[in-house]
Amino acid sequence: WLSALRFDNLALRSLPVDASEDGGPRAVPGACFSRVRPSPLQNPRLVAMSLPALALLGLEAPAAEREAAEAEAALYFSGNRLLAGSEPAAHCYCGHQFGSFAGQLGDGAAMYLGEVLGPRGERWEIQLKGAGLTPFSRQADGRKVLRSSIREFLCSEAMFHLGIPTTRAGTCVTSDSKVVRDIFYDGNPKSERCTVVLRIASTFIRFGSFEIFKPPDEYTGRKGPSVNRNDIRIQMLDYVISTFYPEIQEAYSDNSIQRNAAFFKEITKRTARLVADWQCVGFCHGVLNTDNMSIVGLTIDYGPFGFMDRYDPEHICNGSDNTGRYAYNKQPEICKWNLGKLAEALVPELPLEISELILEEEYDAEFEKHYLQKMRKKLGLIQLELEEDSKLVSELLETMHLTGGDFTNIFYLLSSFSVDSDAPELEDFLEKLTSQCASVEELKVAFKPQMDPRQLSMMLMLAQSNPQLFALFGTKANINKELERIEQFSKLQQLTAADLLSRNKRHWKEWLEKYRVRLQKEIESVSDADAWNTDRVKVMNSNNPKYILRNYIAQNAIEAAENGDFSEVRNVLKLLENPFQEAEGFREVKEDAEEEGATATAAACAQETRSRLPYCSKPPLWASELCVT
């Protein structure tokens, strides 16, 4: 069934390909791609496949021969056999990682297979992620493991079905080949299964692709592999704009500066809208380096991402982001910073004074406009656009923060709020809202001090006596956060569950009154209040997901898959394909595991018990211990 794929590898015809046959890690000057070969895996088998993603390529799995179709997918999408017409290659790019220029990076574990023409004539680049060594693998082995591959596979599809621009994932294939990984960098390595994800996008070219021309960086001393090759920069701009922004190419075909300015303006606006979409579903990317920013405005490279559970504007999803550079509330400004680095990388083909002006004029305005439009839909403000709406949103988020409200579930509940509810109905609604707020136990876990008191005391003394030395170990922001944590934790020791509930109800009652007043203005502007309310609920329910890929849901699927059971990955995939609807037959995580549990060990039974939660539930207490790096 895979023979239906029609390849037309335009990128390799349009951009310079490295002539060297050396497959080992090395510098790759003067080229955008290097030819590679996937490394075979032992006994590849399919974990899951996304039929909607594969349909983009014109593929439809034959229902009658499911096992044979899965075996064929495992064979070709593991890299064990090459598809006719594919030309495996690894892409060269650089990047600013955590704010510092890192020099040559490139596809260290991903391989371009080629570009497939879809049924409607559209062009899709397909990639294998985790298929083995490339010239860009550096000290690594070019492999990905089951754990990280399941997360990328599921989140790629989850984001698409949430309506957020993203790369897609067609298949996830694991194997009996093993690699050793030290997951938390704590000296406790373990053996894990090599796994490959088939990724699909119009292109995987990123901001960092244009940084290969960068001269030695004034801070790190590192440089791109293709310094002074402006001819390649021109080739790349011609290829990217003519292929992915054809309307801009057509409008400015006789003036390259104007064309490049229009392209930069468009990617600035797309990026602003993208990060606004993230903020509105509580998505944290985790590693917003310039090499993880798509040149066509897609969410790309799913690593230590996370959907926020309890609302915390300073939420950090990446356990290795020690300074909080990529925290939830920093994402908009970081994406703007990354666009600034792209602007620098386009010089001299786009003068900096032009691109910097575009960035200042367009980015913040586009972000704020798109964010507020989306938030109005999430709150059902469908009739009027009032200046006060921005304040209402801010006050909602502040109330969520004060009460430890679950970001996704609070928004989902709001569609059932009635403007004309009486006192008992309001009390009932407050009960529902507060049930989605953090308990005393959850808050104690969240605010548990993370430093040994002696360490903290030493750091405080060092900050006063030797600021330069202190800067090597920590930041004032981190110390202040720890002091705040200690203060909050101390207060929680005296707080009872009844006091917390009473306080939370008071906060929510205050905000709901403001929300009621705003909804009343909507009603006054329409002739048919019932029709308006029907529309309001419909809009809210198509903008506030019931299901997201929470870390604990992904973890349950990963643990089952690591034990050879792929059914939970497939269940979760199916669920995430309809995130806004109540899913029949998906009421609980691992609902039908009871019978198996009877014959399993006590530990396995405990695992099943902890898993038996509604998929829309805020996370159980054990989930707070999950760390993604």
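Fair warning: this is a prediction, and the values are worked out from it, not measured in the lab. (Residues numbered from 1 in each chain as written. Predicted model: local features only at pLDDT ≥ 70, side-chain atom pairs only at ≥ 80, totals over all residues. Heavy atoms only, no water.)

Moving on, we come to the packing of aromatic side chains. Counted under the stated rule, the structure contains 18 aromatic pairs. Plain terms: the ring middles of Y239 and F244 are 5.7 Å apart, the flat faces sit at 90° to each other, and that makes the pair edge-to-face. F244 carries the same exposure label as Y239, and that label is buried. On the numbers, 6.2 Å between centres and 25° between planes, the contact of F283 with F305 is stacked. On the criterion of sequence distance, the pair formed by F283 in strand β12 (residues 283-284) and F305 in the loop between β12 and β13 (306-307) is long-range, its members being 22 residues apart. An aromatic cluster is built from W278, F283, Y302, F305 and F307, whose rings are joined through pairwise contacts. Its end group placed over the ring of F160, R168 keeps NZ or CZ at 3.6 Å from the ring centre. (Phe/Tyr/Trp six-rings, centres within 6.5 Å; stacked < 30°, edge-to-face > 60°. Buried < 20%, exposed > 50% of the residue type's maximum accessible area, 1.4 Å probe, protein only. Helix = DSSP H or I, 4+ residues; strand = E, 2+ residues; numbered from the N terminus. Lys NZ or Arg CZ within 6 Å of the ring centre and 35° of its normal.)

We now examine the side chain of R151. Secondary-structure assignment places R151 in helix α4 (residues 146-161). Within the structure, the side chain of R151 is placed 2.7 Å from the backbone oxygen of F305, a separation counted as a polar contact. If we ignore the near neighbours within four places in the chain, the residues touching R151 are G303, P304, F305, L549, N551, A554, I558 and V628. (Polar contact = N/O pair within 3.5 Å; in protein donor to acceptor, adjacent residues only side chain to side chain. Contact = heavy atoms within 4.5 Å.)

Looking at the protein, the domain boundaries give domain 1 (2-245) and domain 2 (256-376). For domain 1 and domain 2, the distance between their C-alpha centroids amounts to 22 Å. In this assembly, 39 residues from domain 1 lie in contact with 45 residues from domain 2. When residues of domain 1 are sorted by the area they lose upon contact with domain 2, F98, F207 and Y245 head the list and together hold 24% of the total. Our count for the contact surface shared by domain 1 and domain 2 stands at 3 salt bridges. Residue D238 pairs with R259 through a salt bridge whose shortest N-O separation is 2.9 Å. Our count for the contact surface shared by domain 1 and domain 2 stands at 20 residue pairs in polar contact (both at pLDDT 80 or more). When residues of the side of domain 1 that touches domain 2 are traced back to their parent elements, those giving at least two are β5 (94-97), α4, β11 (190-201) and α5 (230-244). Looking at the side of domain 1 that touches domain 2 element by element, the count peaks at 8 residues for α5. (Domains from an automatic or database assignment. Buried area = accessible area lost by both parts, 1.4 Å probe. Salt bridge = Lys/Arg side-chain N within 4 Å of Asp/Glu carboxyl O.)

Here we come to the pattern of salt bridges. This model, assessed by the stated rule, comprises 48 salt bridges. Note that K341 is salt-bridged to E344, the shortest N-O span being 3.2 Å. Residue K341 and its partner E344 are located together in helix α8 (residues 331-346), separated by 3 residues, close to a single helical turn. Taking the relative accessible area as the measure of exposure, E344 reaches 38% and is therefore partly exposed. Salt bridges sharing partners connect three or more residues here, namely K129, E152, R199, R206 and D301.

What follows covers the side chain of R485. With respect to the element layout, R485 can be found in helix α16 (residues 476-494). According to the relative accessible area criterion, R485 is buried, its value standing at 12%. Leaving out residues up to four positions away in the same chain, R485 has contacts with A446, F447, K448, P449 and Q450.

Before going further, it helps to spend a moment on a negative patch on the surface. A cluster of acidic residues, D420, D422, E425 and D428, forms a negative patch on the protein surface. Within the element layout of this structure, D422 appears in the loop between α11 (407-413) and α12 (423-435). On the basis of relative accessible area, D422 is assigned to the partly exposed category, the value being 41%. (Patch = residues over 30% accessible without salt bridge, like charges linked within 9 Å, V, L, I, M, F, W, Y side chains within 5 Å. Areas by Shrake-Rupley, 256 points an atom, 1.4 Å probe, with all protein chains shown as cover. Lys, Arg positive; Asp, Glu negative; His and termini not counted. Charge placed at Lys NZ, Arg CZ, Asp CG, Glu CD.)

Before going further, it helps to examine the confidence of the model for the protein. Averaged over every residue, the pLDDT of the protein is 93; the share at 70 or more is 96%. With pLDDT under 50 throughout, residues 590-606 is counted as low confidence; its partners more than four residues away or in other chains account for 14 contacts. (pLDDT = per-residue confidence, 0-100.)

One finds F210, F264, L379, L414, L512, Y515 and L549 to be the most contacted residues of the largest nonpolar core, which totals 167 residues. By residue number, the principal contributor to this core is helix α7 (residues 256-281), which donates 12 residues. Viewed by domain, this core spans two of them, domain 1 (2-245) and domain 2 (256-376), each represented by three or more residues. For L549, the residues in contact, after removing those within four places along its chain, are R151, L154, C155, F305, F307, A554, V572 and L576. (Core = buried A, V, L, I, M, F, W, Y, C linked by side-chain atoms within 4.5 Å.)

Moving on to unusual backbone geometry. In this structure, P348 follows V347 across a cis peptide bond, with omega equal to 10°. Take P348: it is sitting in the loop between α8 and α9 (352-378). We note that N228 has phi near 70°; this positive angle belongs to a residue other than glycine. Structurally, N228 is set in the loop between β11 and α5.

A few words on the pairing of strand β6 (residues 100-104). Summarising burial for β6: 4 of the 5 residues are buried, a large majority. Pairing geometry for β5 and β6, over 3 bridges, is antiparallel. Looking at the pairing, H96 lines up with F101 of β6. The hairpin formed by β5 and β6 contains 2 residues between the paired strands, and F98 there has a positive phi angle of roughly 50°. (Pairing = 2+ DSSP bridges.)

Further remarks concern the packing of helix α14 (residues 453-465) against α16. Here α14 crosses α16 at 140°, and the two axes come no closer than 11 Å. Overall, the two elements α14 and α16 adopt an arrangement that is oblique. The handedness of the crossing between α14 and α16 comes out as left-handed. Two secondary-structure elements touch here, α14 through L456, M459 and L460 and α16 through I479, E482, L483 and I486. For the contact of α14 with α16, a count of residues per class yields 6 nonpolar, no polar and 1 charged. (Axes fitted to C-alpha atoms, helices over the stretch in contact; angles between N-to-C directions. Parallel < 35°, antiparallel > 145°, perpendicular 65-115°, else oblique. Left-handed = near helix turned anticlockwise from the far one by under 90°. Nonpolar A, V, L, I, M, F, W, Y, C, P; charged D, E, K, R; others polar.)

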